[in-house]
Protein chains: 2
Amino acid sequence: MNKLETLGERKIIEIIRNQLELMPHMPVPFGDDISALSIGDEKLAILKTDMLVGKTDVPPQMNLYQAARKAVIMNISDFAAKGVKPVAILVSLGLPRGMTENDVEAVASGLNAGAREYAAYVLGGDTSEASDLVVSCAVFGVAKKNALMLRSGAQPGDVVAVTGAFGKTAAGLKILMSPTSPSAQLGTGLVDSVLMPKARLSEGLALAESSAVTASIDSSDGLAWSLHELARASHVGFLIDNLPMAEEIVEFARLYKLDPIELSLYGGEEYELVVTVKPALFEKARKKVGLIRIGYVTAKRTLMLKVRRKRTPIQARGWEHFKAALQKS
Amino acid sequence: MNKLETLGERKIIEIIRNQLELMPHMPVPFGDDISALSIGDEKLAILKTDMLVGKTDVPPQMNLYQAARKAVIMNISDFAAKGVKPVAILVSLGLPRGMTENDVEAVASGLNAGAREYAAYVLGGDTSEASDLVVSCAVFGVAKKNALMLRSGAQPGDVVAVTGAFGKTAAGLKILMSPTSPSAQLGTGLVDSVLMPKARLSEGLALAESSAVTASIDSSDGLAWSLHELARASHVGFLIDNLPMAEEIVEFARLYKLDPIELSLYGGEEYELVVTVKPALFEKARKKVGLIRIGYVTAKRTLMLKVRRKRTPIQARGWEHFKAALQKS
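Conventions used here
Residues numbered from 1 in each chain as written. Chains lettered and ligands numbered in written order. Predicted model: local features only at pLDDT ≥ 70, side-chain atom pairs only at ≥ 80, totals over all residues. Helix = DSSP H or I, 4+ residues; strand = E, 2+ residues; numbered from the N terminus. Rg over C-alpha atoms; globule rule 2.2 N^0.38 Å. Buried ≥ 20, exposed ≤ 12 C-beta atoms within 10 Å, placed from the backbone. Contact = placed C-beta atoms within 7 Å. Least-squares fit on C-alpha atoms with pLDDT ≥ 70 in both. Core = buried A, V, L, I, M, F, W, Y, C linked by C-beta atoms within 7 Å. Domains from an automatic or database assignment. Nonpolar A, V, L, I, M, F, W, Y, C, P; charged D, E, K, R; others polar. Pairing = 2+ DSSP bridges. Axes fitted to C-alpha atoms, helices over the stretch in contact; angles between N-to-C directions. Arc of directions from axis to C-beta. pLDDT = per-residue confidence, 0-100. Parallel < 35°, antiparallel > 145°, perpendicular 65-115°, else oblique. Left-handed = near helix turned anticlockwise from the far one by under 90°. Expected span 1.5 Å × (residues − 1).

A. The arrangement of the overall build of chain A in detail. Counting its secondary structure elements, chain A contains 13 helices and 12 strands. The C-alpha atoms of chain A give 20 Å as radius of gyration, which agrees with the globular expectation for 329 residues (20 Å, within 12%). Seen through its principal axes, chain A has C-alpha atoms that stretch 55 × 55 × 50 Å. When each of the 329 residues of chain A is scored for burial, the buried share is 55%. Here the contacts in chain A between residues at least 6 apart in sequence split such that 83% fall between residues at least 24 apart.

Below you can see the structure in the form of C-alpha cells.
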C-alpha cells in the first residue's frame, strides 16, 4: 500500500474526491482554488480554506507573527486569483504546548494584520492543542455569478501574463537555509519576500472587473506548477517566451552559482497571479494592473519555455506537499 | 510567563480577541458558537470552524472514518444549537506521514458521511502534512436575521431544557480507557455514543422555528460548562432540579462505583442542546422536539443543582482544551 509521501498532494486530493458525494450544480468545479455556492440574486458565496503547518510551511527564521500573517495571505491570494474580495476570516488554531501568552498574542496579531491589510476581518475561530503550530483559515466573500476567474477558460491565442517577476522567494529561502549570507542589501529584499509575502488582491479585483481574463491562478506552488494547472483545467498548452526573472535574483544566482531560470520557474511560495487574457483586451488590462506578458496559449497541449530561440519543456514540478517535504528531509 | 497549559482555552481566546480589530456591527458577538455577517435582504451568512486533533480529540479505539465524521459532527452540532441548516463544508486536513491510501479513503469517507447525514456537502478543502491527524472543518449556511438562537437572551423565569439525557459519553470514554469491560450489552451503547456521536440538527431547526428559545448552546464541553456559558452570556443563574441522567449510566455507575451526577454534569463530548425557553411556549416546544425540562433561570447569578432538597453549586469545569489535556496526562 502506497504511503502519502509517495503519492503527492494531487493524487491525495483525487482519492478524497472519489469518496465524496458532490453537490449537484456546483458553480465552481471541485479542485479550483475556491469553492462557491449560489445564494440567490445571481450571487455566489465564496469559500476557501487552507492550512499552514509549522513543520512544513514555516522556515526557522519566520516568527509567529509572520507565520500567522502568512496563513492569512495564502488564503487571500487565492481570492485575489479568482477576483473576489475577502470579507471575513475564521481561524482554527492548533497550538503546541509550551507556547506562552506572548506567543499567542503574536499569532493573533499576525492574523489580524494579514486580514486588515486586505480590509477583511477575523470574525472568530477555535483553538486546540496540537503537536505542530497549525493555522487553518477559512475565508468568506461574495461574488457575482460569471465574474469569477476560474482555472479553466484559457483559449489558444490568449496572452499569458503575470503580475510581477519571479524567483525572489526561492532565492530568499536559499538564503534563510544557508549559513553564508550574501551582501546584506541584496538579501533583505529576498528574505522579506519569504517572511512578509503580499497577495495581489487589488490586481485580481481589477482584472475581474476588466472581463479580460479567461483563466487565473496564483503562483503559490511555483510558476511552472501554476502553468501546468491552468493548462490541465483549460485543455491547452503554453509557450513562455519572456520568463520574468526578478533583477535581484540574477545577481544572486551569479553569486551562488545557481540557475536563475530554475529559481523563477520552480520556486513556489510566491503570490503573483498567472492569468490568460483575451488579446484584444490585453493592452487595456496591462495598463490598468501592470501585467507582464510572458507568452501565449497554444492549442497544442505542451508547455514550452523559449530562451534565445531554444525551446525546452516546462516540467510539472514545484512545491507539492508531502513529496516536497520528503525531498527536503 | 504563563504557558498555555495553565491558561485554559477561555483565557487563550480572550488573549486572541484583544489582538483583533473587530468588524463593526457584528450580528453575532465574538465568542458565540458561530460567526455571522450580513449579506443583504435580512439574510446572514453563517460561518463556523472547529478543528479535531488526533492527539487530544480521538480515543485510541476510534478509527479514522469515525474521527473524520466526528470532526464534521462537532461543527454541525454548533449549527444545530444556533438553529441554522449547514449547507456546505470545507475541510483542511493535516495528515501524518505513514498514512496509506486506505487511510485517506477512510478519512474522506467519514467526512462525506458526517456531511450527508445532515444533508450538507463537502465542497472542497486542502491537505497538508502534519505531525498529528488534524481535521479542520469550516461550515457555511444562511439564516434569517433574528432567527438565530444565541447564548445570550435567557431571562429569569425561563424554563431550562435539554434534548436528551446525559452521561453516556463520559461512561463510554471510561469504558474505552479501562482494561476491564462491563457487560457487553451495557457497553455497546455507551461506547457508540463516543465513537458515533449525533448532532441534534432537526431539533435545533425546529426550536429556531418555534421562536420559543431565548438562549441556546450545545453540550460539547459538558452540561455544567454549557450552563455556565449560557449564564455568563445572558447574565443570569440557573437552578437545575431535574438532572437528566441516561438510564444506562445509573447501572454503569453502580458497577464502577462512580457518581452518576458527576458523569452527567462534567463529562463533555456530548452533543445535546441546552436551551432556555419562554414559559408560555415551553409545552408546545416540548411536544414538538421532545425536550426535557431540567430547571429554570434565576435572576441571582448562581448555578445550583438541587437533588432531594439538597442544593449544591454546579462547578465551572468540563472539557476545556489544554487544561483538560494536562489533567489527563
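B. How the structure looks around unusual backbone geometry. Positive phi values are uncommon outside glycine, yet A:Asp41 reaches one of about 55°. Structurally, the position occupied by A:Asp41 is in the loop between β1 (35-38) and β2 (43-53). On the basis of neighbour count, A:Asp41 is assigned to the exposed category, with 10 C-beta atoms found within 10 Å. The phi dihedral of B:Glu42 falls on the positive side, at around 60°, and the residue is not glycine. Structurally, B:Glu42 is set in the loop between β1 (35-38) and β2 (43-53).

C. Expanded view of the relation of the copies chain A and chain B. By a simple turn and slide, chain A fits onto chain B: the slide is 0.0 Å along the axis, the RMSD is 0.0 Å, and the turn is 180°. These values place the two chain copies in the arrangement generated by a two-fold rotation axis. Residue by residue, 100% of the interface of chain A is reproduced at the interface of chain B, so both copies engage with the same surface.

D. A look at the nonpolar core. Judged by nonpolar contacts, the single largest core of 221 residues is most densely connected at A:Leu47, A:Ile89, A:Val135, B:Leu47, B:Ile89 and B:Val135. What B:Ile89 contacts, discounting residues up to four positions off in sequence, is B:Val72, B:Ala115, B:Ala120, B:Tyr121, B:Val122, B:Leu123, B:Cys137 and B:Val139.

E. How the structure looks around the domain arrangement of chain A. All names here are of chain A. Taken as a whole, chain A is organised into domain 1 (32-144) and domain 2 (159-328). On the domain 2 side, the residues contacting the 19 residues of domain 1 number 23 residues. For the side of domain 1 that touches domain 2, the element with the highest residue contribution is helix α4 (residues 64-82), accounting for 11 residues. Classifying every residue of the side of domain 1 that touches domain 2 gives 9 nonpolar, 5 polar and 5 charged.

F. Region of interest: the sheet that holds strand β6 (residues 159-162) of chain A. All names here are of chain A. Reading across the sheet, the 7 strands line up as β7-β9-β6-β10-β8-β11-β12 and stay open at both edges, with mixed pairing between neighbours. Because the sheet does not close on itself, it has two edges, and the strands there are β7 (213-218) and β12 (310-313). Taking the axes of each pair of neighbouring strands and ignoring which way they run, one obtains an average angle of 25° across the sheet. Here α4 sits on the sheet in contact with β7 and β9 (273-277), set at roughly 170° to β7.

G. Highlighting the pairing of β1(B). Residue and element names in this part refer to chain B. By the bridge criterion, 4 bridges tie β1 to β2 in an arrangement that is antiparallel. Pairing of Ala36 across the sheet is with Ile46, part of β2. Connecting the antiparallel pair β1 and β2 is a turn made up of 4 residues, with Gly40 showing a positive phi of about 85°.

H. Spatial organisation of the interface of chain A and chain B. If you look at the interface, chain A gives 66 residues, while chain B gives 66 residues. The greatest single-element share of the side of chain A that touches chain B, amounting to 9 residues, is contributed by strand β4 (residues 121-129) of chain A.

I. Helix α8 (residues 201-210) of chain A, seen in detail. Residues and elements named next belong to chain A. Turning to α8, its buried residues number three or more, namely Leu201, Glu203, Gly204, Leu207 and Ala208. For α8, the arc enclosing every buried residue in end-on projection is 160°, short of the 170-degree limit, so these residues lie on one face. Next to the buried residues of α8 lie α4, β7, β9 and α12 (279-289). Note on α8: the residue one or two positions beyond its end, Ser211, has a positive phi of about 55°.

J. Region of interest: the confidence of the model for chain A. Averaged over every residue, the pLDDT of chain A is 92; the share at 70 or more is 94%. Counting interchain partners and residues more than four positions distant, the pLDDT-below-50 stretch residues 324-329 of chain A has 4 contacts.

K. Expanded view of the packing of helix α6 (residues 168-177) of chain A against helix α10 (residues 247-256) of chain A. Residues and elements named next belong to chain A. At a closest axis distance of 10 Å, the pairing of α6 and α10 adopts a crossing angle of 40°. Taken together, α6 and α10 sit at an angle that is classed as oblique. For the element pair α6 and α10, the recorded crossing hand is left-handed. Between α6, through Lys168, Ala171 and Lys174, and α10, the contact on the second element is made entirely by Glu248, Ile249, Phe252 and Tyr256.

L. How the structure looks around the sheet that holds β4(A). Residue and element names in this part refer to chain A. The sheet built from 5 strands is open, its strands ordered β1-β2-β5-β3-β4 with mixed pairing. One side of each edge strand has no neighbouring strand; the edge strands of this open sheet are β1 and β4. Across the sheet, the mean angle from the axis of one strand to that of its neighbour is 20°, orientation sign disregarded.

M. Broad picture of the environment of B:Thr298. Residues and elements named next belong to chain B. Positionally, Thr298 belongs in strand β10 (residues 292-298). Judged by the 19 C-beta atoms lying within 10 Å of it, Thr298 falls in the partly exposed class. Taking the C-alpha atoms as reference points, Thr298 and Gly157, separated by 141 residues in sequence, lie 6.3 Å from one another. Beyond its immediate sequence surroundings of up to four residues, Thr298 is in contact with Pro156, Val236, Gly237, Phe238 and Leu239.

N. Broad picture of helix α5 (residues 101-117) of chain B. The first and last C-alpha atoms of α5(B) sit 24 Å apart over 17 residues, in line with the 24 Å expected at 1.5 Å per residue. Along α5(B), the positions that sit buried rather than exposed are B:Asp103, B:Val104, B:Ala106, B:Val107, B:Ala108, B:Gly110, B:Leu111, B:Asn112, B:Gly114 and B:Ala115. In the core, the buried residues of α5(B) are packed alongside α2 (9-19) of chain A together with α4 (64-82), β3 (88-95) and β4 (121-129) of chain B. In the segment just after α5(B), B:Ala119 is the residue with positive phi, at about 65°.

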